[in-house]
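Secondary and tertiary structure notes
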Amino acid sequence: MPAPVVPPAVSPAARLAGLKPDWWSDPKVWRTEVLAGLVVALALIPEAISFSVIAGVEPAIGLFASFTMAVTIAVVGGRRAMISAATGAVALVIGPLNREHGFGYLVAAVILAGVFQILLGVLGVAKLMRFVRRSVMVGFVNSLAILVFLAQVPEMSHVPWPVYPLLAGGLALMVFFPRITTAVPAPLVSIVILTAVTVGAGIAVPTVGDKGALPSSLPVPGLPDVPFTLDTLVTVAPYALAMALVGLMESLMTAKLVDEITDTRSDKTRESVGQGVANIVTGLFGGMGGCAMIGQTMINVKVSGARTRLSTFLAGAFLMVLCIVFGPVVSDIPMAALVAVMVMVCFATFDWHSIAPATLRRMPAGEIAVMVITVACVVATHNLAVGVVVGSVTAMVVFARRVARLADVTAVADPDGGRVVYTVTGELFFASANELVGRFDYANDPERVVIDLGGTHVWDASSVAALDAVSARYAQRGKTVEITGLNDPSAELHGRLSGELAVS
């Protein structure tokens, strides 16, 4: 009998990183993950500070949130290499609470939002992602690229003229440097070179330090400074629920996008629970909360090539190291360098194939409409969650209309004229059932009417009510109706509801 095969041992660090045992010793993986984490950390600093301004808190609060979110989600999240940190969507939701009631209530809302996310994750809200159509996903990606680009416009407007050649130089470096070598991420090379040029030449341009002071120490855990009363709960609960829903929707959509890019699967339920845990930890450390960041995730996965949890963990760790240890150096990084990185991310993220003339000619009008509506709603509201919800509802309506048109009724009368057989094909549900009643010739049909449903499926109570209405109209004229061909699920539903629903 052959000896059993013993799988190679996996260290806790390797398990944390999401690496296969044979990859753990590969220096290329380490280099890719470490450098990706460093690039993301640099890109997180101005974003976190900007989102802090939106939420009405000090810059350190957004930076602390990005640190704790990234480090925590690297351990408990369900999608490897996805970056979670402070985000604009979350800042927009909880900003009014901070302005009206104070910072303590904001922290309490973040913690409660984490609890809601854990509950929603356990209840299986992640499974709803299967109902998101591809056209909605494409609209989500394209609108996200547009939003990220629009967020860079203020950094390119009313600025000293040297910003523009620096921006062009940064983009050129990221386009052409990978042709020389891919050993070092092009965005990191661009940031280092542009910083060296501006500092060495003494060029006066906006820098990271102009966005706000960087923290000088690590965050300290503690409870929110609010009264633990029912009134407090009533005050923070609506904001917490809104934050939980927006955060989960953006995180699950981002996870689905990364699944497609990396051709791997993620655990959406674990990601939902992980987002909740990360927000609870962030709240206890006095952070403003957050969710998955699509822009930084694209830098990590698509631009830098990261594939493990290690890059996510290091992004958070490097963020604090850069702020606390190398604060003066980081403050000198020109904003033009980071804007160039984000513009490159926008270009790489946008699905250009979706708007190519050849694609638009082949694509059904309904699919194009769903994509355009999703993009329009996101850009108009600056809220990805609103666009996804509106796009998904639009996609459902388009699908229902399309399927409803496939339902058809044909009549064949017996030669002797004693019976007529109506054959129904397609799907019977609320959208198609409404037109079913008008497809029969009640006045001129013979006394025996057969409705053959062998080519259809009865999906809902509306269809059963429509069949009852047809039978009732024939009965009013003294004619009998026989329904045949029902498959087992349709027969069970019809038998359970027929005669129990009001018909007109």
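As a reminder, the structure under discussion sits directly above these lines.
This one's a predicted model, so the numbers in the text were calculated from it and none came from an experiment.

Considering the overall build of the protein chain
Along its length, the protein chain carries 21 helices and six strands. In terms of its C-alpha atoms, the protein chain occupies a principal-axis envelope of roughly 100 × 75 × 60 Å. Burial statistics for the protein chain: of 504 residues in total, 51% are counted as buried. Contacts in the protein chain between residues at least 24 apart in sequence constitute 83% of all its contacts with a sequence separation of at least 6. Summed over its atoms, the accessible surface of the protein chain is roughly 23,000 Å², and 66% of this surface lies on carbon and sulfur atoms. A gap of 7 Å separates the mean positions of the 32 positive and 34 negative side-chain charges of the protein chain.

Considerations on the pattern of salt bridges
With the rule as written, the count across this model stands at six salt bridges. Here Glu 492 ties to Arg 496 by a salt bridge, and the two come within 3.0 Å at their closest N and O atoms. Taken together, the residues Glu 492 and Arg 496, both in helix α21 (residues 488-497) and four residues apart, mark about one turn of the helix. For Glu 492, a relative accessible area of 44% gives the class partly exposed. Overall, Arg 496 belongs to the partly exposed group, its relative accessible area being 47%. Connected through shared salt-bridge partners, Arg 79, Asp 259 and Lys 268 make up one network.

Section: the environment of Arg 496
Remark: the alpha-carbon pair of Arg 496 and Ala 461, spanning 35 residues in sequence, is separated by 9.9 Å. Here Glu 492 takes part through its side chain, which lies 3.0 Å from a polar atom of the side chain of Arg 496.

What about the nonpolar core?
Judged by nonpolar contacts, the single largest core of 107 residues is most densely connected at Ile 45, Leu 63, Ile 94, Met 288, Ile 299 and Leu 319. Sorting elements by how many residues they give to this core places helix α3 (residues 27-55) first, with twelve residues. Residues contacting Ile 299, with those up to four places away along its chain left out, are Val 39, Val 40, Ala 43, Ser 304, Val 341, Met 342 and Val 345.

Looking at the packing of aromatic side chains
The full count for this structure, using the stated rule, is seven aromatic pairs. Their ring planes at 45° and their centres at 4.6 Å tell us that Phe 350 and Trp 352 sit as a pair that is tilted. By relative accessible area, Phe 350 is classed as buried at 15%. Look at Trp 352 and you get partly exposed, because its relative accessible area is 44%.

Here we look at the side chain of Thr 72
Here Thr 72 is to be found in helix α4 (residues 59-76). For Thr 72, the side chain forms a polar contact with the main-chain oxygen of Thr 68, separated by 2.7 Å. Among all residues touching Thr 72, those that are not within four sequence positions of it are Val 277, Ala 278 and Val 281.

So, the pairing of strand β6 (residues 480-484)
Relative to β6, strand β5 (residues 448-458) is paired through five bridges, and the arrangement is parallel. Bridged to Asp 452 within β6 is Thr 484. Where the polypeptide runs from β5 across helix α20 (residues 461-476) and back to β6, its parallel neighbour, the crossover connection is right-handed.

Comments concerning the sheet that holds β5
In any sheet, the strands associate via hydrogen bonds between backbone groups, in a parallel or an antiparallel arrangement. Read from one edge of the open sheet, four strands run β3-β4-β5-β6, paired in mixed fashion. Each end of this open sheet is capped by a strand with a single partner; those strands are β3 (408-413) and β6. Direction aside, neighbouring strands of the sheet carry axes that sit 20° apart on average. Two elements, β3 and strand β4 (residues 419-428), share six bridges in a ladder whose sense is antiparallel. Directly across from Val 409, in β4, lies its bridge partner Val 424. Lying over the sheet, α20 contacts β4, β5 and β6, oriented at roughly 175° with respect to β5.

Quick word on helix α15 (residues 335-349)
Count 3.6 residues to each turn of an α-helix, and residues three or four apart come out pointing the same way. Over its 15 residues, α15 extends 21 Å from the first C-alpha to the last, a length consistent with the 21 Å expected when each residue adds 1.5 Å. Of all the residues in α15, the buried ones are Met 335, Ala 336, Ala 337, Leu 338, Val 339, Ala 340, Val 341, Met 342, Val 343, Val 345, Cys 346 and Thr 349.

Observations regarding the packing of helix α7 (residues 134-156) against helix α17 (residues 365-381)
In contact at an axis separation of 8 Å, α7 and α17 are set at 30° when each is read in the N-to-C sense. The interaxial crossing formed by α7 with α17 has right-handed handedness. For the pair α7 and α17, contact is made by Ser 135, Val 136, Val 138, Gly 139, Phe 140, Asn 142, Ser 143, Ile 146, Leu 147 and Leu 150 and by Glu 367, Val 370, Met 371, Thr 374, Val 375, Val 378 and Val 379, respectively.

Topic: the side chain of Thr 374
One can find Thr 374 in helix α17. Excluding residues within four positions of it along the chain, Thr 374 makes contact with Val 136, Gly 139, Phe 140, Gly 387 and Gly 391.

Some points on the environment of Ala 60
For Ala 60, the location among the structural elements is in helix α4. By relative accessible area, Ala 60 is classed as buried at 14%. As for Ala 60 and Cys 323, which are separated by 263 residues in sequence, their C-alpha atoms are 9.5 Å apart.

Calculation notes
- Residues numbered from 1 in each chain as written.
- Predicted model: local features only at pLDDT ≥ 70, side-chain atom pairs only at ≥ 80, totals over all residues.
- Heavy atoms only, no water.
- Helix = DSSP H or I, 4+ residues; strand = E, 2+ residues; numbered from the N terminus.
- Buried < 20%, exposed > 50% of the residue type's maximum accessible area, 1.4 Å probe, protein only.
- Contact = heavy atoms within 4.5 Å.
- Areas by Shrake-Rupley, 256 points an atom, 1.4 Å probe, with all protein chains shown as cover.
- Lys, Arg positive; Asp, Glu negative; His and termini not counted.
- Charge placed at Lys NZ, Arg CZ, Asp CG, Glu CD.
- Salt bridge = Lys/Arg side-chain N within 4 Å of Asp/Glu carboxyl O.
- Polar contact = N/O pair within 3.5 Å; in protein donor to acceptor, adjacent residues only side chain to side chain.
- Core = buried A, V, L, I, M, F, W, Y, C linked by side-chain atoms within 4.5 Å.
- Phe/Tyr/Trp six-rings, centres within 6.5 Å; stacked < 30°, edge-to-face > 60°.
- Pairing = 2+ DSSP bridges.
- Right-handed = clockwise from strand over helix to strand, strands pointing away.
- Axes fitted to C-alpha atoms, helices over the stretch in contact; angles between N-to-C directions.
- Expected span 1.5 Å × (residues − 1).
- Left-handed = near helix turned anticlockwise from the far one by under 90°.

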